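Listed below, chain by chain, are the residues.
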Amino acid sequence: MKIAISDMPDDFYKGKKVFVRVDFNVPIEKGRLREDYRIRRSIRTIEYLANRGAAVILASHLGRPKGKVVPDLSLKPVAERLSKVLRVKGVKFVNDCVGKKVKEKVEQLTGGEVLLLENLRFHEEEETNDSDFSKELASLADIYVNDAFSTSHRKHASTYGIASFFDHRMAGFLVQNEIEVLSKLRDNPDRPFTVVVGGAKIKDKIGALKNLISKADRVLIGGAVAYTFLSSKGISVGESLIEEDFLNWAQEVLTQSEEKVFLPEDHVVAPSMEKKAKAKVVQGEIPRGFMGFDIGQKTALRYTHEIMKGQGTVFWNGPMGAFEIDEFSHGTIDVARALSLAYWRGARTVVGGGDTAAALRKAEVLETEVDYVSTGGGASLEFLGGNELPGISILDDRK
Ligand code: ADP
Ligand code: MG
């Protein structure tokens, strides 16, 4: 059984130091946050602890500094944002996550205050799950809380190694919420259950795809993923990206569930991603010398019609095309807006995946105009595929 922070009596946290692993891996450009959904999602846990008298130590990674100090990947701008949004006694920042200076700052920290540590991945020991490093992180606090759902599929020092050093290791509100929503989707979705899948690679999501396709009533396929399916049916897709390793699997899926799987019937194509000025729409097959970069308008209409029905559950992972480029973004934007219309009609709408969440923003659909935007990409898909997440399971394991 997992213990949630709300399971403990209110006075449990008073005067304790609590280490909270959060995921503040947010896009930062020139010291400014472009977007802070993950920060907003962590507010409830942080304030819950701080307002009950805990001294809260926050730790996160940011980007991939690969064990070196990379000034552009400092969490300092996040501390500034936290001090604007949190209602706590104070927000402090320290420019490392281990060592003497950190110890001193932690000792000075009083109940109700929050201290954000510098990027964990400035130390390579974080990703190698080094036990001395884990122990040193653990020595900072009395209680461990995991609220970094999106990093929980990794066995890193701060998500995994550290937990065994604590008698009290618990799930924060975000982790609890993610598990609740994704479990329902995995085990018992309201029907009809519509799954919209796109994105770059089947390989990254095969577990989740197998599970979701078998449970879904309708599967709408777009993105680069679609070309492997089309190709497995013998439809020519020109030079579009296909995954040879999954052609047989795709063919099997189509024979077993042909009636519920929708595939694109028209495409936005171009000779290459760079030659977007030469983009055009083709029906059916994609000619040689061209690659598919988005679903065409006919397909988008068919898909949005299905999505907008507004019944049951609609889950979306993976953009319908290379949406970062405006010329190839229309199918994805149409799907995002249809999803929010389904929400307004009463369907339960859930979005997973980092790029898919970014696509939602590009379509100007707010997180509050769907039921749930998961903070996880890989972690959500692992979970939906039925795999255990080490950072979550370790909360259960007791010596
Ligand atoms: P998520 O992060 O939401 O799980 P993915 O990482 O699987 O989504 O896929 C997102 C990426 O897929 C985007 O960068 C997008 O440009 C790319 N993509 C989608 N369709 C195509 C396509 N037809 N050709 C090339 N890239 C594509
Ligand atoms: Mg992605």
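Before reading on, note that the structure itself is shown above.
First, a word on scope: everything that follows refers to the structure included in this document. Values in this document were obtained by computation on a predicted structure and should not be read as measured data.

1. As for the pairing of strand β12 (residues 266-270)
Across the five residues of β12, five count as buried, placing the element largely inside the fold. Residues Asp 266, Val 268 and Ala 270 line one face of β12 and the alternating positions His 267 and Val 269 line the opposite face, and both faces are buried. Here four bridges tie β12 to strand β13 (residues 280-283), and the two strands are oriented antiparallel to one another. Paired with Val 269 across the bridge in β13 is Lys 280. Across four bridges, β12 lies against strand β14 (residues 291-295) in antiparallel orientation. Its bridge partner lying in β14, Val 268 is registered against Asp 294.

2. Notes on the site of ligand 1
Looking at ligand 1, there are 19 residues lining it, with Lys 205, Gly 292, Glu 324, Asp 355 and Thr 356 nearest. One of the side-chain nitrogen or oxygen atoms of Lys 205 is found 2.8 Å away from an oxygen atom of ligand 1. In this structure, Ala 224 approaches ligand 1 through a main-chain N or O atom, which is 3.3 Å from a nitrogen atom. The protein chains hide 85% of the 580 Å² of surface that ligand 1 would expose on its own. In terms of residues, the shell around ligand 1 owes the most to one element, helix α11 (residues 354-362), which gives three residues. The class makeup of the residues in the shell around ligand 1 is eight nonpolar, eight polar and three charged.

3. Let's talk about the layout of surface pockets
As a volume, the second largest pocket reaches approximately 150 Å³. Where the lining of the second largest pocket is concerned, the elements lending two or more residues are α5 (173-187) and α13 (390-393). Per-class residue counts for the lining of the second largest pocket are four nonpolar, three polar and four charged.

4. Quick notes on the side chain of Glu 243
Within the secondary structure, Glu 243 is located in the loop between α7 (225-232) and α8 (247-257). Although Glu 243 is buried, it makes no salt bridge; Lys 201 carries the closest opposite charge, 6.8 Å away. A polar side-chain atom of Glu 243 sits 3.0 Å from the main-chain amide nitrogen of Lys 203. The contacts of Glu 243, once residues within four sequence positions are left out, are Ala 200, Lys 201, Ile 202, Lys 203 and Thr 228.

5. A look at the sheet that holds strand β11 (residues 261-262)
The strand order across the open sheet built from six strands is β11-β10-β9-β15-β16-β17, with neighbouring strands paired in parallel fashion. Single-partner strands in this sheet number two, and they are β11 and β17 (372-373). With five bridges joining them, strand β9 (residues 193-197) and strand β15 (residues 313-317) adopt parallel strand pairing. Counted as the bridge partner of Val 196 is Trp 316 from β15.

6. Some details on α5
Between its terminal C-alpha atoms α5 stretches 21 Å, which fits the 21 Å expected from 15 residues at 1.5 Å a residue. Turning to α5, its buried residues are Phe 173, Leu 174, Val 175, Glu 178, Ile 179, Val 181, Leu 182, Ser 183, Leu 185 and Arg 186.

7. Comments concerning the packing of aromatic side chains
Centre distance and the angle of the planes are the two values used to describe a pair of aromatic rings. Taken as a whole and assessed by the stated rule, the structure comprises nine aromatic pairs. With a centroid separation of 5.1 Å and an interplanar angle of 80°, the aromatic rings of Tyr 48 and Phe 173 are classed as edge-to-face. Note that Tyr 48 is positioned in helix α1 (residues 37-50) and Phe 173 in helix α5, a separation of 125 residues in sequence. Of the two residues, Tyr 48 and Phe 173, both sit in the buried class. With 4.8 Å between their ring centres and 35° between their planes, Phe 293 and Phe 328 make a pair best called tilted. Of this pair, Phe 293 sits in strand β14 while Phe 328 sits in the loop between β15 and α10 (330-345); the two residues are 35 residues apart in sequence, bridging distant segments of the chain. Taken as a pair, Phe 293 and Phe 328 share a single burial class, namely buried. Linked through ring pairs, Phe 12, Tyr 13, Tyr 48 and Phe 173 together constitute an aromatic cluster. Taking NZ or CZ as reference, Arg 52 lies 3.6 Å from the ring centre of Tyr 48, over its face. One residue, Lys 280, lies across the ring of Phe 290, its end atom 4.4 Å from the ring centre.

What counts, and where the lines are drawn
Residues numbered from 1 in each chain as written. Chains lettered and ligands numbered in written order. Predicted model: local features only at pLDDT ≥ 70, side-chain atom pairs only at ≥ 80, totals over all residues. Heavy atoms only, no water. Buried < 20%, exposed > 50% of the residue type's maximum accessible area, 1.4 Å probe, protein only. Helix = DSSP H or I, 4+ residues; strand = E, 2+ residues; numbered from the N terminus. Pairing = 2+ DSSP bridges. Near = heavy atom within 4 Å. Polar contact = N/O pair within 3.5 Å; in protein donor to acceptor, adjacent residues only side chain to side chain. Areas by Shrake-Rupley, 256 points an atom, 1.4 Å probe, with all protein chains shown as cover. Nonpolar A, V, L, I, M, F, W, Y, C, P; charged D, E, K, R; others polar. 1 Å grid on protein atoms, 1.4 Å probe; cavity = no way out; pocket = protein on both sides within 12 Å on 5 of 7 lines; lining within 4 Å. Points joined across faces, edges and corners; volume = space filled by probe spheres on them. Lys, Arg positive; Asp, Glu negative; His and termini not counted. Salt bridge = Lys/Arg side-chain N within 4 Å of Asp/Glu carboxyl O. Contact = heavy atoms within 4.5 Å. Expected span 1.5 Å × (residues − 1). Phe/Tyr/Trp six-rings, centres within 6.5 Å; stacked < 30°, edge-to-face > 60°. Lys NZ or Arg CZ within 6 Å of the ring centre and 35° of its normal.

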